[in-house]
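Overview (structure and organization)
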Amino acid sequence: MDTAGILRLRGIQPSPQRMRIYEALASTRAHPSADSIHRSLRAELPSLSRTTVYSTLELFVRVGLAQELAIMGSELRFDADVSAHAHFACRSCGSLGDLALELPGLPSLPGGYHAERAQFFVLGTCPACS
Ligand SMILES: [Zn+2]
Ligand SMILES: [Zn+2]
């Protein structure tokens, strides 16, 4: 399916900016921040603001086209792979990669708590930084 179709399926009007933001996110495994997507599109879309990139990514998260990854002390990162998977975060260079690990399901919680999703991170040093 093309990008416009993917967005329409989730009820999103496929403007050129939204399509390019989705493509920029879906074409990398680097789990970019809003800032880095903004930087990568700035030459091509000079009128695109960082705020628009951020709000568009949040829109993708709301409709299930992306997940956001909040790692201690760093800016939010985004992932077009919405399946549950583990990540490795390098403390030194800030790179964020996928880890092929078997993940446990959501834990059972005390009454009154409602689990939506769980994130699993391994923090450490990547091969390039070791
Ligand atoms: Zn590193
Ligand atoms: Zn990922």
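Presented here is an overview of the structure given in this document. Given the structure is predicted, the values throughout are model-derived calculations rather than measurements.

**Regarding the nonpolar core**
- Counting 20 residues, the largest nonpolar core has Ile21, Leu25, Ile37, Leu41, Val53, Leu57 and Phe60 as its most contacted members.
- Within the residue set of this core, elements represented by two or more residues are α2 (16–26), α3 (34–41) and α4 (50–63).
- Looking at this core element by element, the count peaks at five residues for α4.
- Excluding anything up to four places from it in sequence, leucine 25 contacts Pro32, Ile37, Leu57, Ala66, Phe78, Asp79 and Ala80.

**Quick look at the sheet that holds strand β5 (residues 121–124)**
- Overall, mixed pairing links the three strands, which are arranged β4-β3-β5 in an open sheet. Of all strands in the sheet, those bounded by a partner on one side alone are β4 (96–99) and β5. Across the sheet, the mean angle separating the axes of adjacent strands is 25° when strand polarity is ignored.
- Looking at chain direction, strand β3 (residues 86–90) and β5 are connected through four bridges and run parallel. Counted as the bridge partner of cysteine 90 is glycine 124 from β5.

**Points about unusual backbone geometry**
- Its identity is not glycine, yet histidine 31 carries a phi of approximately 55°, on the positive side.
- With respect to the helices and strands, histidine 31 occurs in the loop between α2 and α3.

**Quick look at the coordination of the zinc ion (ligand 2)**
- The zinc ion (ligand 2) binds to the protein through His31 (NE2), Asp79 (OD), His85 (NE2), His87 (NE2) and Asp98 (OD); the donor distances cover 2.0 to 2.2 Å.
- Binding-site remark: the zinc ion (ligand 2) is held by donors from one chain whose sequence spacing is H-x47-D-x5-H-x1-H-x10-D. Of this pair, histidine 31 sits in the loop between α2 and α3 while aspartate 98 sits in strand β4, and the two are 67 residues apart along the sequence.
- Using a relative accessible area of 34% as the deciding quantity, one classes aspartate 98 as partly exposed.

So, how was this worked out
- Residues numbered from 1 in each chain as written.
- Chains lettered and ligands numbered in written order.
- Predicted model: local features only at pLDDT ≥ 70, side-chain atom pairs only at ≥ 80, totals over all residues.
- Heavy atoms only, no water.
- Core = buried A, V, L, I, M, F, W, Y, C linked by side-chain atoms within 4.5 Å.
- Buried < 20%, exposed > 50% of the residue type's maximum accessible area, 1.4 Å probe, protein only.
- Helix = DSSP H or I, 4+ residues; strand = E, 2+ residues; numbered from the N terminus.
- Contact = heavy atoms within 4.5 Å.
- Pairing = 2+ DSSP bridges.
- Axes fitted to C-alpha atoms, helices over the stretch in contact; angles between N-to-C directions.
- Donors = N, O, S within 2.8 Å, 3.2 Å for Na, K, Ca; no water.

By themselves, these figures tell us nothing about what the structure is for.
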